[in-house]
Each structure stands twice: as C-alpha cells, then as structure tokens.
Amino acid sequence: MAAPRKRTGSLKGARWAAMRVLLGTVGRASAGVRIGYRHGFDSGSMLDYVYVNKAGGFPVVGHLIDRVYLNAVGWRAIRARRELLKDVLRKEIARRAGGGTGGADGGVRVLDVASGPGRYLQDLLAEYEPGTLRVECRDMDRAGLAQGGRQAAERGLTGISYAYGDALDPAPASRAPDIVVVSGLYELLLDDAVIAASVARLRGMLAPGGVLVFTTQTHHPQLEFIANVLPNREGVLWEMKCRPVELAEQWAAQAGFGEVASRRESVGLFTVTTARR
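Residues numbered from 1 in each chain as written. Predicted model: local features only at pLDDT ≥ 70, side-chain atom pairs only at ≥ 80, totals over all residues. Heavy atoms only, no water.

Chemist: How should I be thinking about the nonpolar core in this particular structure?
Modeler: General note: in soluble globular proteins, nonpolar side chains tend to be found buried as a group. Core analysis: the biggest nonpolar cluster contains 47 residues, and Phe 41, Met 46, Trp 75, Leu 89, Val 135, Ile 179 and Val 213 have the highest contact counts within it. Membership of the second largest hydrophobic core comes to 22 residues, among which are Val 113, Met 205, Leu 206 and Ala 275. (Core = buried A, V, L, I, M, F, W, Y, C linked by side-chain atoms within 4.5 Å. Buried < 20%, exposed > 50% of the residue type's maximum accessible area, 1.4 Å probe, protein only.)

Chemist: I tried to follow a nonpolar patch on the surface on my own but got confused; where do I start?
Modeler: On the surface, Val 60, Val 61 and Leu 64 cluster together to form a nonpolar patch covering roughly 310 Å² of accessible area. With respect to the element layout, Leu 64 can be found in helix α4 (residues 61–70). A relative accessible area of 58% places Leu 64 in the exposed class. (Patch = residues over 30% accessible without salt bridge, like charges linked within 9 Å, V, L, I, M, F, W, Y side chains within 5 Å. Areas by Shrake-Rupley, 256 points an atom, 1.4 Å probe, with all protein chains shown as cover. Salt bridge = Lys/Arg side-chain N within 4 Å of Asp/Glu carboxyl O. Helix = DSSP H or I, 4+ residues; strand = E, 2+ residues; numbered from the N terminus.)

Chemist: Got a minute to help me understand the pairing of strand β4 (residues 179–182) in this structure?
Modeler: Each regular strand displays side chains that alternate between the two surfaces of the sheet. Going residue by residue along β4, you find Ile 179 and Val 181 tucked away on one face and Val 180 and Val 182 tucked away on the opposite face as well. Sheet topology places strand β1 (residues 108–112) next to β4; 3 bridges connect them, and they run parallel. Paired with Leu 111 across the bridge in β4 is Val 180. The pairing of β4 with strand β5 (residues 211–217) spans 4 bridges and is parallel. Residue Val 182 lies in a different strand from β5, and its bridge partner there is Phe 214. Handedness of the β-α-β unit built from β4, helix α8 (residues 192–205) and β5 comes out right-handed. (Pairing = 2+ DSSP bridges. Right-handed = clockwise from strand over helix to strand, strands pointing away.)

Shown next, in the form of structure tokens:
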C-alpha cells in the first residue's frame, strides 16, 4: 500500500514543480506575477496592484494572463474585503466623532499596523475634510511604505503618515489611536497563540472606547496551490491558515474587549471583526 501513495505524492510534487516553472517563465508576462516574484505574493505592493485591478504586462498575452490572475477568487475576495473594511471604518469614524470621544485633537485617529502602501486608507481619507481624520500606516515592508508615501503625495493628501513598525511588537503611538486596523496579517501567521497575544496587546494601545478592526480568512479554495507555487515576501512558499470567525471573536473576548461583532465580505472568504474596548 505504501508504493501507490508514494507514486501519488511524486506525481503531485511533479505537477506543482511544473506549475512553478510555468508561472516563473510564461507567467512573468503578467505585470502582477512579476510584482509577486519581486516583492512576494503576500506583500503590500502586491495587494496594492490587486486593488487597482487593471491588467498590465506584455501586450496582448501578458494582459490576458494578468486579467486571469487578477480575477482569481482570492484577489476578488481581497477587493471585497477592502470595500467592507472601508464601510466598517466609515461607521466607526462617524461613531467616534459623533460621540465626542474622538476628533478633539487633530481628528479621529486610525492606526494600521500592517498597512503596506495603504491605498484603501488613502481612498478613505480623501472622503473627509482635512483635519477630521488622521491615519498612521506602519509596516515592515519599506518598499511598500515608500510607495504609499509617493501615492499620498501625488494625490495631495494630508493627514496620513508612514513609518516602519512591527505589527506584533508595536511601538506606542504619540496619541492613543481611536481605531487600530489589522488587515490581511493574521492569516499569514500559523501560531494561534501569537495572534491571541497580538489582539490583547493592541487593546492596550487603544484610546478608551476605541475599537480594534481585524480580518480573518475563514476558508480559501486555492490554499494548496498557493502553498506549493507562490513565494511570499521572504522568498519561501506562501503558507496560510484559515480559521473560524468564532475563534477570532473568542480571542477578542479573552483579551477583554466588551463588544465584538463580525461581518463577511461578499465573496465569502474573509470576515471583518470589530472589537470595542
């Protein structure tokens, strides 16, 4: 019985190896695939490209490959997650400003501890009058931070800043944020205890009555493909972990958050949880 299993494993390994070769050669005609190999398919730069959702690359063939790539279910879900995040943040900003607990000193303050370029936060900021919202973007991807800074300057946005920072060991903010965001990070972490500790640590950073907004990937139909074909920002194969939203909410409750609720984006792979201090 062992021999057939070995042959099956060998065949599957050969298939993944062939797909890695194909993507690393022909696939590079796609602008998105090239970004993935340059910065990591899990990088902020990659997500920024996915958000724009405009096929690029070598004429005709590259554009066709890129459109198929951008239409993958995971990327569609990430774009839907972005829209849900923006909707959640709008409601939390209005609640904070309307309740008189935010905005007294430079506007409602939002801190994203793993932002990448933070394009969706720029889009959100552009909806508000100057001075009513302050956004701080932190990440360990310096290229993504630089990209975000350039984009914000080109758009003439004020009220947004970029700084290097470790999401799992965040430095205190100059003023306690009203809203802390963790988007697209926890599914990259395989140790549940690390995430639970992060949720508890971020609660301590919030202003009184502040809210933690974080995402959870509950399932993904292409996990095996991703784990065997796509390199992450560290140059190794990208492994993710899916978790039930009930577990995410449990971590928030155990951290001491009083009001915890979750919503699912329209594609159905991610949830956005709000946890109020």
